[in-house]
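Residues per chain are reported as follows:
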Amino acid sequence: MATAADERPKSDTERLHELGYAQELLRRMSGFSNFAISFTIISILSGCLTLYLYGMNTGGPIVMSIGWPLVGFFVVMVGLSMAEIASAFPTAGGLYYWSAKLAKSNGAAWSWFTGWFNLLGQVGITAGIDFGLAFFATAFLNLVFGYPADPFHTIIVYAVVLLIHGLLNTFGIRLVALLNNVSVWWHLLGVAIIVGALAIIPAHHQSASFVFTGFVNNTGWGGPPIYVFAIGLLLAQYTFTGYDASAHLTEETRDAARSGPRGIVMSIIVSWIAGWILLLGVTFAIQDYNKELASATGVPPAQIFIDSIGWRGGLFLLLIVIGAQFFCGMSSVTSNSRMIYAFSRDGALPGSNFWHKVNKRTRTPTNSIWLAAVGALILGLPYLWNAEAYAAVTAIATIGLYIAYILPVILRLRQGESFKRGPWHLGRWSTLVGVVATIWVGFITILFMLPAAFPPNLQTNFNYAPVAVLVVLLFAGGWWFLGARNWFKGPRVQGTAEELAAIERDLTEVGAA
């Protein structure tokens, strides 16, 4: 990693003008705040624990102890490659903007498909996070008040959560920024409290051999265990998503060409370390594997907490997790809406003029916020008839995002030394890191489209991730060849320097009124 000095340091607004955009959004975020939003969306207290049930069935303890650090290494490679590009192009469009600028030819097509996969992944990650929160909140309500934990009542909680997150992002943007910073400490202290309690209080802990070599296969698949272990890696790979938020928030971040890349990389590394500690702490604390796996709450970590340290203590730890997941979902809606705002600003969505409007008083893309929330709600509805729908949603989020993550990396590799680096870059390591990242993403894209349970059944365990990916390919591809290629030319320039200044002046005058 290297930091190069520019001939003359440009202001964030000057650089944004060079990229073709006005400073419409308020640039109020510090570097720490930028890191905080990606760290919050990764949310080890969300991803690790909401998919813990999946991991217990699909590989068991070895998926937590060995799978996590294995996946984390390759995710760092992906994050480093993305961070270098983010430094060169610090704009809210992020991935699809990068593809347009890095492609040697057909930049508009590369941008179009990158953007649509990013949109699929963004909506999927919002759905996955808030659905996970709904699971844990429903478990808490079930334990304390006897609230039913069936799919219908879980969907109700899910809808309420999305409504709250939409309202917060619409009317409480300053509060959202504050809570993003609080979230970092909530997660780190939360992990310390949970792991400390699970390490000190229980009279019984599992052995190291159980945690590091224990293998469980409840998928129905026979044959070599490596397949089950591999599909169990979804637990870790899904958790390590959403860190592109640091790129999408660069138009609101100070010193964006450095702060954005650092936010991407540091959010992954801190999550890698803290997440492994969390998974080890929970797995060592398992008291009765089969009992906790079959918990009536549908949330094994909640049962592990209660069995390990008692009713009151277990509920307290559960509340810590729910709080972290609330912060995570809130930040995901923020990031998702900024991607929708930028993509529609460039005319790529049906009704783009409506979706990219900025509320002149709050300086937030209100319409995009609600599109993000409603899209996530729709993606979660199949849970009403398919018990494995949550795992499918996480697979959709993972595949959609990582395809969008890697396309600009591939294009950057094709540029070679002609790539014009930003102030934060990888130097001579760019090619090696980018190749490793590309191979890994190709592997997981195929892996997580495969059936996770045998025999596959449409009503109970069907993995509809391939269907969602195919729908996006058919929709985006069909629209592209039927007409979009004639008018979508990639990211639009908003105007001349004078026109950009006029846009900013208009927003400033309204905000001051």
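Everything discussed here concerns the structure shown above.
Presented here is a report on the structure given in the accompanying data block. (Residues numbered from 1 in each chain as written. Predicted model: local features only at pLDDT ≥ 70, side-chain atom pairs only at ≥ 80, totals over all residues. Heavy atoms only, no water.)

## Details of the overall build of the protein chain
Phase 1 of the analysis: From N to C terminus, the protein chain includes 23 helices and four strands.
Phase 2 of the analysis: Relative to the 2.2 N^0.38 estimate, which gives 24 Å for 513 residues, the radius of gyration of the protein chain is 22 Å and therefore close to what a compact globule would have.
Phase 3 of the analysis: Along the first, second and third principal axes, the C-alpha set of the protein chain runs to 70 × 50 × 45 Å.
Phase 4 of the analysis: Across the 513 residues of the protein chain, 61% fall into the buried class.
Phase 5 of the analysis: Intrachain contacts of the protein chain at a sequence separation of at least 6 include 84% that bridge at least 24 residues.
Phase 6 of the analysis: Total accessible area on the protein chain is roughly 19000 Å²; 68% of this is exposed by carbon and sulfur atoms.
Phase 7 of the analysis: Separation of charge centres in the protein chain, based on 28 positive and 24 negative side chains, amounts to 5 Å. (Helix = DSSP H or I, 4+ residues; strand = E, 2+ residues; numbered from the N terminus. Rg over C-alpha atoms; globule rule 2.2 N^0.38 Å. Buried < 20%, exposed > 50% of the residue type's maximum accessible area, 1.4 Å probe, protein only. Contact = heavy atoms within 4.5 Å. Areas by Shrake-Rupley, 256 points an atom, 1.4 Å probe, with all protein chains shown as cover. Lys, Arg positive; Asp, Glu negative; His and termini not counted. Charge placed at Lys NZ, Arg CZ, Asp CG, Glu CD.)

## A word on the nonpolar core
Phase 1 of the analysis: Core analysis: the largest hydrophobic core is formed by 158 residues, its most contacted members being Leu45, Phe89, Trp98, Ile194, Tyr243, Leu278 and Tyr402.
Phase 2 of the analysis: Among the elements that make up this core, the one with the highest residue count is helix H7 (residues 107-145) (20 residues).
Phase 3 of the analysis: Those residues within four positions of Tyr243 in sequence are excluded, and the remaining contacts are Ser38, Ile42, Val75, Val78, Gly79, Met82, Ile264, Ser267, Ile268, Tyr402 and Tyr405.
Phase 4 of the analysis: Among the nonpolar cores identified, the runner-up in size contains six residues, and Leu168, Ile173, Val176 and Phe327 belong to it. (Core = buried A, V, L, I, M, F, W, Y, C linked by side-chain atoms within 4.5 Å.)

## What to know about helix H2 (residues 31-42)
Phase 1 of the analysis: With 12 residues, H2 should reach 16 Å at 1.5 Å per residue; the first-to-last C-alpha distance of 17 Å fits that figure.
Phase 2 of the analysis: By the criterion of burial, H2 is predominantly enclosed, with 10 of the 12 residues buried.
Phase 3 of the analysis: Ser43, located one to two residues past H2, shows a positive phi value of around 40 degrees. (Expected span 1.5 Å × (residues − 1).)

## Section: the pattern of salt bridges
Pairs can form between side chains of opposite charge once their charged atoms are near each other.
Phase 1 of the analysis: A full pass over the atoms with the stated rule returns seven salt bridges.
Phase 2 of the analysis: One salt bridge in this structure joins Glu251 and Arg345, with 3.1 Å as the shortest N-O distance. Taken together, the residues Glu251 in the loop between helix H13 (245-248) and helix H14 (256-284) and Arg345 in helix H17 (residues 311-345) connect sequence positions 94 residues apart.
Phase 3 of the analysis: The salt bridge partner of Asp307 is Lys291, with a shortest N-O separation of 3.3 Å. Of this pair, Asp307 sits in helix H16 (residues 300-309) while Lys291 sits in helix H15 (residues 289-293), and the two are 16 residues apart along the sequence.
Phase 4 of the analysis: When its relative accessible area of 24% is taken as the criterion, Asp307 is described as partly exposed.
Phase 5 of the analysis: Taking the relative accessible area as the measure of exposure, Lys291 reaches 45% and is therefore partly exposed.
Phase 6 of the analysis: Counted as one network, the salt bridges with shared partners bring together Glu84, Arg412 and Arg421. (Salt bridge = Lys/Arg side-chain N within 4 Å of Asp/Glu carboxyl O.)

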